[in-house]
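Structural overview for review
Each chain, written out:
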Amino acid sequence: MTNASYKQFCPVAMAAEILCTRWTVVLLRELIAGSTRFNELRRGVPRMSPALLSKRLRELEAAGVVERDQRPDGPDAAAYRLTPAGQDLQPVIEAIGMWGQKWVETEPSLDNLDPELLMWDMRRNLDTDPVPKRQTVIEFIYPELPPSQRNWWLIVEPDQSVDLCHVDPGFDVDLFINVDLRTMTEIWMGLRSVARAVDDGAISMMGNTDLTDSMQSWLGLSPFAKQEKLAAASGAGVYAPS
């Protein structure tokens, strides 16, 4: 898959030739998280160009990590699924994420803020159990962002499916959440609790009282937030390049 081989028989080197091209590990994160359609994958890697995404998917398919299921409803209906070889990478990708959460310094992590990735990650991990069993609309407002990135809507349907809208869906909003992107990212990554952000005046909510009181429960956390961050505490963290 790489233009230049390591020319080593070592399995680590051979695996790195498949997995260590730019964006490949992040793309595998999205496939492991359950995204299968091209546009779903794009929402999880919004800074990756469509051309490069197509190229990486072809490379993973050629390597036997991904298989492409072409649906009869048209050329855009293809689904990408992990093969058994790809599924075996789940603990590898999870271990990389846990290592990053544990050892990468907090500040460089928070230099890479991305509202689309944050909201997409929140959408697929939202716990619908504490949410009313009817259509529920939650609007996130990031006041410091430009208008094109400022407003996001999470829509929880009665069947507990969750949709993410970047354009006003026209539904009545049950809860408005006004928060800056850095604070919301800190909350999602387990670096700050909702209660602390409220006490600090960094987040304000208006609307359904039950949703307000249970935000930490229905929001949940990033799958990697359960790993305690040791970088700052130990003084031995690594600094990720920007």
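Described below are features of the structure shown in this document.

Cut-off values and rules
- Within every chain, residues take consecutive numbers counted from 1 along the sequence as written.
- Local features in a predicted model are, by the rule used here, given only for residues with pLDDT of at least 70; side-chain atom pairs are given and counted only at 80 or more, and totals for whole chains, interfaces and linings are based on all residues.
- Only heavy atoms go into the side-chain values, all of them from the structure, while hydrogens and water stay out.
- Two cysteine sulfurs form a disulfide in these notes if their separation is within 2.5 Å.
- Note on exposure labels: buried denotes an accessible area under 20% of the residue type's maximum, exposed denotes more than 50%, and partly exposed covers the range between, all computed with a 1.4 Å probe on protein chains only.
- Definition of nonpolar core: a set of buried residues of the types Ala, Val, Leu, Ile, Met, Phe, Trp, Tyr and Cys, connected through side-chain atoms within 4.5 Å.
- Strands are runs of DSSP state E lasting at least two residues, helices are runs of H or I lasting at least four, and both sets are numbered from the N terminus onward.
- We call two residues in contact whenever any of their non-hydrogen atoms come within 4.5 Å of each other.
- It is the directions from the helix axis to the C-beta atoms whose arc is reported.
- Think of each axis as a best-fit line through the C-alpha atoms, taken over the contacting stretch in the case of a helix, with angles from 0 to 180 degrees between the N-to-C directions.
- In these notes the angle categories are as follows: under 35 degrees is roughly parallel, over 145 is roughly antiparallel, 65 to 115 is roughly perpendicular, and the rest is oblique.
- The length a helix should cover is 1.5 Å for every residue beyond the first.
- Centres within 6.5 Å are what make two rings of Phe, Tyr or Trp a pair, Trp counting through its six-membered ring; a difference in plane orientation under 30 degrees is then read as stacked, over 60 as edge-to-face, and the rest as tilted.
- Our definition puts a charge over a ring when NZ of Lys or CZ of Arg is within 6 Å of the ring centre and also within 35 degrees of the ring normal.
- We call a crossing left-handed when the near helix sits turned anticlockwise from the far one by less than a right angle, and right-handed when that turn is clockwise.
- Note on residue classes: Ala, Val, Leu, Ile, Met, Phe, Trp, Tyr, Cys and Pro are nonpolar, Asp, Glu, Lys and Arg are charged, and everything else, Gly too, is polar.
- N or O atoms closer than or at 3.5 Å make up a polar contact, with two conditions inside protein: a donor-capable atom paired with an acceptor-capable one, and, for residues adjacent in sequence, both atoms drawn from side chains.
- Only when DSSP finds a minimum of two bridges between them are two strands counted as paired.

**Thoughts on the state of the cysteines**
- The full count for this structure, using the stated rule, is zero disulfides.
- With no disulfide of its own, C10 lies closest to C20 among cysteine sulfurs, the gap being 12 Å.
- According to the relative accessible area criterion, C20 is exposed, its value standing at 54%.

**Regarding the nonpolar core**
- In this structure, M122, F140, Y142, I177, M184, M215 and W218 are the most contacted members of the largest nonpolar core, which totals 30 residues.
- Secondary structure elements with two or more residues in this core: helix 8 (115-125), strand 3 (136-141), strand 4 (151-156), strand 5 (162-165), strand 6 (175-179), helix 10 (181-188), helix 11 (194-199) and helix 13 (215-219).
- Those residues in contact with M215 that sit more than four places away from it in its chain are F140, I177, M184, V194, I203, M205 and G220.
- Formed by 17 residues, the second largest nonpolar core is a distinct cluster that contains L31, L57, L60 and V65.

**With respect to helix 2 (residues 24-32)**
- Within the sequence span of helix 2, burial applies to T24, L27, L28, E30 and L31. Axial view of helix 2: buried residues confined to an arc of 155°, hence all on one face.

**Some words on the packing of helix 2 against helix 4 (residues 50-62)**
- It is the contact of helix 2 with helix 4, at a shortest axis distance of 11 Å, that shows an interaxial angle of 80°. Between helix 2 and helix 4, the interaxial angle falls into the category roughly perpendicular. Mapping the contact onto sequence places T24, L27 and L28 in helix 2 and L53, R56, L57 and L60 in helix 4.

**A word on unusual backbone geometry**
- For W23, which is not glycine, the phi dihedral falls at a positive 80°.
- Within the element layout of this structure, W23 appears in the loop between helix 1 (11-19) and helix 2.
- Phi at Q160 takes a positive value of approximately 75°, unusual for a residue other than glycine.
- Here Q160 shows up in the loop between strand 4 and strand 5.
- A residue is classified by how much of its surface remains accessible, and Q160, at 33% relative accessible area, is partly exposed.

**Let's talk about the side chain of T83**
- Considering the arrangement of structural elements, one finds T83 in the loop between strand 2 (79-82) and helix 5 (84-87).
- Using a relative accessible area of 10% as the deciding quantity, one classes T83 as buried.
- With sequence-adjacent residues up to four places away left out, T83 is seen in contact with G64, V65, V66 and E67.

**Remarks on helix 4**
- The end-to-end C-alpha separation of helix 4 is 18 Å, in line with the 18 Å expected for 13 residues at 1.5 Å each.
- Here the buried face of helix 4 lies against helix 2, helix 3 (38-44), strand 1 (66-69) and strand 2.
- Positive backbone phi, at 85°, marks G64, one or two positions downstream of helix 4.

**Examining the packing of aromatic side chains**
- Using the criterion set out here, one finds zero aromatic pairs in the structure.
- Over the aromatic face of W120 sits the side chain of R123, whose NZ or CZ is 4.2 Å from the ring centroid.

**Concerning the packing of helix 8 against helix 10**
- Packing of helix 8 against helix 10 brings their axes to within 11 Å, and their N-to-C directions diverge by 35°. Note that helix 8 runs across helix 10; the crossing there is left-handed. Note on element contacts: helix 10 touches helix 8 through L181, M184, T185 and W188, opposite P115, L118, D121, M122 and N125.
- Of the residues that constitute the contact of helix 8 with helix 10, the class distribution is six nonpolar, two polar and one charged.

**Here's the deal with the side chain of T24**
- Of note, T24 is situated in helix 2.
- Separated by 2.4 Å, the side chains of T24 and T21 make a polar contact.

**With respect to the sheet that holds strand 3**
- In space, the five strands of this open sheet follow the order 5-4-3-6-7, with mixed pairing throughout. Two strands close off the open sheet at either side, each with one partner strand: strand 5 and strand 7 (203-207). The average undirected angle you get between the axes of adjacent strands in this sheet is 15°.
- Along the sheet face, helix 8 touches strand 3, strand 4 and strand 5 and points at about 10° away from the line of strand 4.

**Quick notes on the pairing of strand 3**
- Across the six residues that make up strand 3, a large majority, six, are buried.
- Taking every second residue as pointing to the same face, both faces of strand 3 are buried, with T136, I138 and F140 on one and V137, E139 and I141 on the other.
- Where strand 3 and strand 4 come together, six bridges link them in antiparallel fashion. Within strand 4, the residue paired with I141 across the bridge is N151.
- With four bridges joining them, strand 3 and strand 6 adopt parallel strand pairing. Directly across from F140, in strand 6, lies its bridge partner I177.

Nothing here speaks to function; it is all geometry.
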